[in-house]
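Chain and residue survey
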4 protein chains.
Amino acid sequence: MTTDVAELTARMREFARARDWEQFHTPKNLAMALAGEVGELVAEFQWLTADESRRPAPDELARIRGELADVTLYLVRLADVLGVDLVEAAHDKLDENEQRYAADRYRGSARKAPHQT
Amino acid sequence: MTTDVAELTARMREFARARDWEQFHTPKNLAMALAGEVGELVAEFQWLTADESRRPAPDELARIRGELADVTLYLVRLADVLGVDLVEAAHDKLDENEQRYAADRYRGSARKAPHQT
Amino acid sequence: MTTDVAELTARMREFARARDWEQFHTPKNLAMALAGEVGELVAEFQWLTADESRRPAPDELARIRGELADVTLYLVRLADVLGVDLVEAAHDKLDENEQRYAADRYRGSARKAPHQT
Amino acid sequence: MTTDVAELTARMREFARARDWEQFHTPKNLAMALAGEVGELVAEFQWLTADESRRPAPDELARIRGELADVTLYLVRLADVLGVDLVEAAHDKLDENEQRYAADRYRGSARKAPHQT
């Protein structure tokens, strides 16, 4: 079955191949590219209040959407070159988090759970 | 039709709801959380050579997989609270990039395309 | 004349030399290390309100101070290996910003100035 | 005695005051601004090899110098609004690191020291 993430992965792989960019797409370089894009995303929110960030103006939202896309593309590509199944990894982590942050103990609290031993 | 990203989105939404964490999940805060996780991901690669980053040791790869999962979860959650369709946004950006970086002009080159006007 | 930053620079240089770590301290790697530390710093603030961030609890402030130190050390080291005078560069940028953001035009406004041409 | 960092701190404080920007300069917002600038810095190095990053082209170096300046300015400003002495904090951390990474045990090794208990 084809899925969203598998489709994006395949499209990014072909995009890089067609431009002979695999040579640049080491995990190290892609992690940096991802960090650069997340920096641009954070910058969109830096002077907004919490409330303003919930309702960005249309032109802000368009820029944010573009940055979210850039982050997604590099994330998908990084997982691909590492052979990581991003969706499976995310579900596994959510399984862990559901254990680690028991709903009744952490309700309404932003404190961090101690690391599991 | 249910898809990968829609499923993750729904699961994260319920995870936040069950803990009464929607109050913390402003776009501003989630963008910061995403930046924090990407910082941890980048740190995994900081002292590796390009080649080492292609073949991380099993324990490194396990940590990297966990960080990729954290990044994915916050990214999906941030898009959700902003009402952005992440997969559609990514495909739109790839459409743009395919125009902007014509394969024959940018083959083997890491230089940045000028911004479209 | 010896200054704050020159002293830190010299101490970091000797710290790296004594451990034979110059081989790891390429600008690329140090930029990543800096990004990793800034990620940890941002994470300290991610769930705080604007007001809470102004008055962190003593244990939070101690952690934040440690992260600020890590960021400073990598920043100083990165500038050193690139041969950049950090203090001079910062003053030059402030000169620019004073021009770019005329006090009377940008008073009380968080909007970004257009880039100079 | 006036020092480099104290001078930059005073100049940034006045820059913000003259524009009535103190309202935007919460620690939370400044940490985000710092992360945004570090993202731009990392992006300068993302496609460079280790060797290329040691000898950036003149126009690259000029851009990198500008990004280092931006990072420095926000770092100095963030420390100021938190009342942290950046230089003292950095020396304290270097004291710790000299203990934690004994030169004879960590010579030539990029592995991380276990956290002190």
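Residues numbered from 1 in each chain as written. Chains lettered and ligands numbered in written order. Predicted model: local features only at pLDDT ≥ 70, side-chain atom pairs only at ≥ 80, totals over all residues. Heavy atoms only, no water.

What follows covers the relation of the copies chain A and chain C. For the pair of chain copies, the relating operation is a rotation around an axis with a shift along it. Between the two copies, chain A and chain C, the superposition gives an RMSD of 0.0 Å; the rotation angle is 180° and the shift along the axis is 0.0 Å. Here the transformation between the copies is reduced to the relation of a two-fold axis. When C-alpha positions in chain A are compared against the rotation axis, the closest is assigned to Met32 of chain A, at 3.5 Å. The share of interface residues of chain A whose copies in chain C are also at the interface is 100%, consistent with both copies meeting through the same surface. (Least-squares fit on C-alpha atoms with pLDDT ≥ 70 in both. Contact = heavy atoms within 4.5 Å.)

Another point: the packing of aromatic side chains. As enumerated under the stated definition, the model contains 17 aromatic pairs over all chains in all. An angle of 80° between the planes, with centres 5.4 Å apart, marks the rings of Tyr101 of chain A and Trp21 of chain B as edge-to-face. With Tyr101 of chain A in the loop between helix H5 (86-100) and helix H6 (103-106) and Trp21 of chain B in the loop between helix H1 (4-18) and helix H2 (27-45), this residue pair bridges two chains. Taking relative accessible area as the criterion, Tyr101 of chain A reaches 9% and is therefore assigned buried. Trp21 of chain B gets classed as buried once you look at its relative accessible area, which sits at 11%. Taken together, Phe15 and Trp21 of chain A together with Tyr101 and Tyr106 of chain B form an aromatic cluster joined through their ring pairs. (Phe/Tyr/Trp six-rings, centres within 6.5 Å; stacked < 30°, edge-to-face > 60°. Helix = DSSP H or I, 4+ residues; strand = E, 2+ residues; numbered from the N terminus. Buried < 20%, exposed > 50% of the residue type's maximum accessible area, 1.4 Å probe, protein only.)

By the definition in use, this model includes 40 salt bridges over all chains. In this structure, Glu98 of chain D engages Arg11 of chain C in a salt bridge whose closest nitrogen and oxygen atoms are separated by 3.1 Å. One end of the pair, Glu98 of chain D, is in helix H5 (residues 86-100); the other, Arg11 of chain C, is in helix H1 (residues 4-18), on a second chain. A salt bridge links Asp92 of chain C to Arg65 of chain D, with the nearest nitrogen and oxygen atoms 2.9 Å apart. Here the residue Asp92 of chain C occupies a position in helix H5 (residues 86-100), and Arg65 of chain D occupies one in helix H4 (residues 58-82), the pair thus bridging two chains. What emerges from the salt-bridge pattern is a single network uniting Arg11 of chain A together with Asp95 and Glu98 of chain B. (Salt bridge = Lys/Arg side-chain N within 4 Å of Asp/Glu carboxyl O.)

So, about the relation of the copies chain A and chain B. Mapping chain A onto chain B is achieved by rotating through 180° and translating by 0.0 Å along the same axis, at an RMSD of 0.0 Å. When the interface residues of chain A are mapped onto chain B, 100% of them again lie at the interface, so the same face is used by both copies.

Let's shift gears to unusual backbone geometry. Residues other than glycine seldom take positive phi values, yet Asp20 of chain A does so here, at roughly 55°. By the element assignment, Asp20 of chain A lies in the loop between helix H1 (4-18) and helix H2 (27-45).

For the rest of this paragraph, the subject is the nonpolar core. In terms of nonpolar packing, the biggest core is built from 154 residues, with Leu68 of chain A, Leu68 of chain B, Leu68 of chain C together with Leu68 of chain D touching the most fellow members. Setting aside residues up to four positions removed in sequence, Leu68 of chain D forms contacts with Leu75, Leu78, Ala79, Leu82, Val84 and Leu86 of chain C together with Leu41 of chain D. (Core = buried A, V, L, I, M, F, W, Y, C linked by side-chain atoms within 4.5 Å.)

Of the residues lining the interface, 68 residues belong to chain A; the matching set on chain B comes to 68 residues. Between chain A and chain B the total buried area reaches about 5,900 Å² when both faces are included, carbon and sulfur atoms providing 66% of it. Together, Arg11, Lys28 and Arg65 of chain A form the three largest contributors to the area buried by chain A at its contact with chain B, with a combined 12%. At the junction of chain A and chain B, the tally comes to 10 salt bridges. Taking the shortest distance from any N to any O, the salt bridge between Arg11 of chain A and Asp95 of chain B comes out at 2.5 Å. Connecting chain A to chain B are 34 residue pairs in polar contact (both at pLDDT 80 or more). (Buried area = accessible area lost by both parts, 1.4 Å probe. Polar contact = N/O pair within 3.5 Å; in protein donor to acceptor, adjacent residues only side chain to side chain.)

Our next topic: the side chain of Asp70 of chain D. Along the chain, Asp70 of chain D falls in helix H4. Note on Asp70 of chain D: relative accessible area 13%, which makes it buried. Aside from chain neighbours lying at most four places away, what touches Asp70 of chain D is Lys93 of chain C together with Glu37 of chain D.

This paragraph deals with the interface of chain A and chain C. On the chain C side, the residues contacting the five residues of chain A number five residues. Interface area, chain A with chain C, both sides summed: about 520 Å², of which 73% is carbon and sulfur. Ranking the residues of chain A by area buried against chain C places Lys28, Met32 and Ala110 of chain A at the top, with a combined share of 69%. Between the two partners, chain A and chain C, sit zero salt bridges. Linking chain A with chain C are two residue pairs in polar contact (both at pLDDT 80 or more). The residue makeup of the side of chain A that touches chain C, split by class, is three nonpolar, one polar and one charged. (Nonpolar A, V, L, I, M, F, W, Y, C, P; charged D, E, K, R; others polar.)

H2 of chain B packs onto H2 of chain A with a crossing angle of 160° between their chain directions and a minimal axis gap of 9 Å. Compared by their axis directions, H2 of chain A and H2 of chain B come out roughly antiparallel. Between H2 of chain A and H2 of chain B lies a crossing whose hand is left-handed. The residues of H2 of chain B that touch H2 of chain A, namely those facing Pro27, Lys28, Ala31, Leu34, Ala35, Val38, Leu41, Val42 and Phe45 of chain A, are Pro27, Lys28, Ala31, Leu34, Ala35, Val38, Leu41, Val42 and Phe45 of chain B. Class assignment for the residues of the contact of H2 of chain A with H2 of chain B results in 16 nonpolar, no polar and two charged. (Axes fitted to C-alpha atoms, helices over the stretch in contact; angles between N-to-C directions. Parallel < 35°, antiparallel > 145°, perpendicular 65-115°, else oblique. Left-handed = near helix turned anticlockwise from the far one by under 90°.)

Residue position: Asp95 of chain A is located in helix H5. Linking Asp95 of chain A and Tyr106 of chain A, residues 11 residues apart in sequence, is a C-alpha distance of 16 Å.

This part takes up the environment of Ala90 of chain A. By the secondary structure assignment, Ala90 of chain A is in helix H5. Sequence separation of Ala90 of chain A and Met32 of chain A is 58 residues, and the distance between their C-alpha atoms is 21 Å. Once residues within four sequence positions are removed from consideration, Ala90 of chain A is found in contact with Leu8, Ala69, Thr72 and Leu73 of chain B.

Any link to function would need more than the numbers given here.
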